[in-house]
Amino acid sequence: MSEVRARPPDAPIARPDRKTSVPDRQQPAYWSRAGLIEGARAMLPLLPGQFAFGMAFGALAAQKGFTLVEAVAMTGIVYAGMSQFVILQSWPDALTVSTVTAVMLLTATVNARFFLMSASLRPWFSTLPVWQAYPPLTILTDGGWLNSMRYRDRGGADASFFLGGQILSYVSWTFAALPGYLLAERLTDPKAYGVDLLMPAFFAALLIPSYRGLERTIPWVISGIVATTVAWLTSGYWFIIAGAVAGSVSAAFILSEGNTNGR
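What you are looking at is a predicted structure, and each value in this text was computed from that prediction instead of being measured. (Residues numbered from 1 in each chain as written. Predicted model: local features only at pLDDT ≥ 70, side-chain atom pairs only at ≥ 80, totals over all residues. Heavy atoms only, no water.)

Moving on: the overall build of the protein. Counting its secondary structure elements, the protein contains 14 helices and zero strands. Considering only intrachain contacts with a sequence separation of at least 6, the fraction spanning at least 24 residues in the protein is 79%. When the accessible surface of the protein is split by element, carbon and sulfur atoms take 68% of a total near 14600 Å². (Helix = DSSP H or I, 4+ residues; strand = E, 2+ residues; numbered from the N terminus. Contact = heavy atoms within 4.5 Å. Areas by Shrake-Rupley, 256 points an atom, 1.4 Å probe, with all protein chains shown as cover.)

The next point concerns the packing of helix α3 (residues 47-63) against helix α11 (residues 159-182). Relative orientation of the contacting elements α3 and α11 amounts to 45°, with a least axis distance of 6 Å. With respect to α11, the axis of α3 lies oblique. Between α3 and α11 lies a crossing whose hand is right-handed. Across from Leu 47, Gln 50, Phe 51, Phe 53, Gly 54, Met 55, Phe 57, Gly 58, Ala 59, Ala 61 and Ala 62 in α3, the residues of α11 making contact are Leu 168, Ser 169, Ser 172, Trp 173, Phe 175, Ala 176, Ala 177, Pro 179, Gly 180 and Tyr 181. For the contact of α3 with α11, the class distribution of residues is 15 nonpolar, six polar and no charged. (Axes fitted to C-alpha atoms, helices over the stretch in contact; angles between N-to-C directions. Parallel < 35°, antiparallel > 145°, perpendicular 65-115°, else oblique. Left-handed = near helix turned anticlockwise from the far one by under 90°. Nonpolar A, V, L, I, M, F, W, Y, C, P; charged D, E, K, R; others polar.)

So, about the side chain of Ser 223. Tracing the chain through its elements places Ser 223 in helix α13 (residues 214-233). Only 2.7 Å separates the side chain of Ser 223 from the backbone oxygen of Gly 243, close enough to count as a polar contact. Those residues in contact with Ser 223, other than ones at most four positions away along the chain, are Gly 243, Ala 244 and Gly 247. (Polar contact = N/O pair within 3.5 Å; in protein donor to acceptor, adjacent residues only side chain to side chain.)

This next bit is on the nonpolar core. Residues Phe 57, Ala 61, Phe 66, Met 74, Phe 85, Leu 88 and Trp 173 are the most contacted members of the largest nonpolar core, which totals 17 residues. Counting only elements with at least two residues in this core, the list comes to α3, α4 (68-78), α5 (81-89) and α11. Counting residues per element, this core draws most heavily on α3, at five residues. Setting aside residues up to four positions removed in sequence, Met 74 forms contacts with Phe 57, Phe 66, Tyr 79, Gln 84, Ile 87 and Leu 88. Judged by nonpolar contacts, the second largest core, of 14 residues, contains Trp 124, Ala 159, Phe 161 and Phe 162. (Core = buried A, V, L, I, M, F, W, Y, C linked by side-chain atoms within 4.5 Å. Buried < 20%, exposed > 50% of the residue type's maximum accessible area, 1.4 Å probe, protein only.)

The subject of this paragraph is the environment of Leu 88. The residue Leu 88 is located in helix α5 in this model. Its relative accessible area of 0% is what places Leu 88 among the buried residues. Between the C-alpha atoms of Leu 88 and Phe 57, which are 31 residues apart in sequence, the distance is 8.8 Å. When residues no more than four places from it in sequence are discounted, the contact partners of Leu 88 are Phe 57, Leu 60, Ala 61, Lys 64, Phe 66 and Met 74.

A separate point is a nonpolar patch on the surface. Where nonpolar side chains cluster on the molecular surface, the patch consists of Leu 36, Ile 37, Ile 167 and Val 171 and spans about 320 Å² of accessible area. Elements that contribute at least two residues to the nonpolar patch include exactly α2 (33-43) and α11. With respect to the element layout, Leu 36 can be found in helix α2. The partly exposed category is assigned to Leu 36, whose relative accessible area is 34%. (Patch = residues over 30% accessible without salt bridge, like charges linked within 9 Å, V, L, I, M, F, W, Y side chains within 5 Å. Salt bridge = Lys/Arg side-chain N within 4 Å of Asp/Glu carboxyl O.)

Spelled out as structure tokens, the structure:
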């Protein structure tokens with residue numbers, strides 16, 4: 001990877017009203033204090049839904065017999081919302097080599113989408129040294145990724161924007177398990193409070209500004225149809241991988257065809 005281009009500590013970053021240009025999107029990544037703050041601010045609208053989701057996990061962990069320390073530790077170490085719920089729902093009565101292996105495979109299956117999300121950041125993060133590019137990806141989240149991709153599309157190159165949002169998200173998610181655990185008796189059925197709809201609603205709202213015309217929306221539709229079909233036909237969480245792969249492959253073909261036609 002190439003060397004990082006030097007930038008002033010308070011270098012300006014991309015704003016929502018800034019027009020996108022191809023040269024901007026090809027800028028080498030750099031770090032700045034301003035980017036950390038801006039990334040954290042961009043994450044704020046997501047925090048209420050994320051916090052409620054984290055509380056639901058804490059409540060479920062308490063109902064499954066986890067101690068408070070175990071619930072918070074799992075949140076901080078695994079740090080993957082959907083897979084944490086999946087793990088708890090399939091938690092074995094006895095921990096053996098086979099049951100632990102099954103839980104690990106299940107976690108890897110649900111989290112496989114992060115490989116595709118990380119790969120999409122390569123054109124941006126590949127300009128950083130390896131020791132700077134890979135560690136931040138360990139706390140990658142769906143909302144943080146979408147925020148960062150929108151920022152990059154607007155011409156931003158400050159990698160601190162990504163890191164600032166992810167750090168705030170990590171702290172919020174980990175802390176949310178604490179009140180959820182303590183209020184477990186009141187949160188016996190999170191769906192009754194609509195908690196299960198909060199995160200999908202936030203993601204849907206974030207997708208709206210990412211709209212780039214009907215043609216680029218086709219992969220979204222394909223991904224949704226494939227995921228829904230797989231979820232209906234099979235048990236488990238394969239629909240997550242199926243939807244992600246279908247959307248990525250269809251987008252690759254559509255964009256490739258568009259470039260070939262000179263669009």
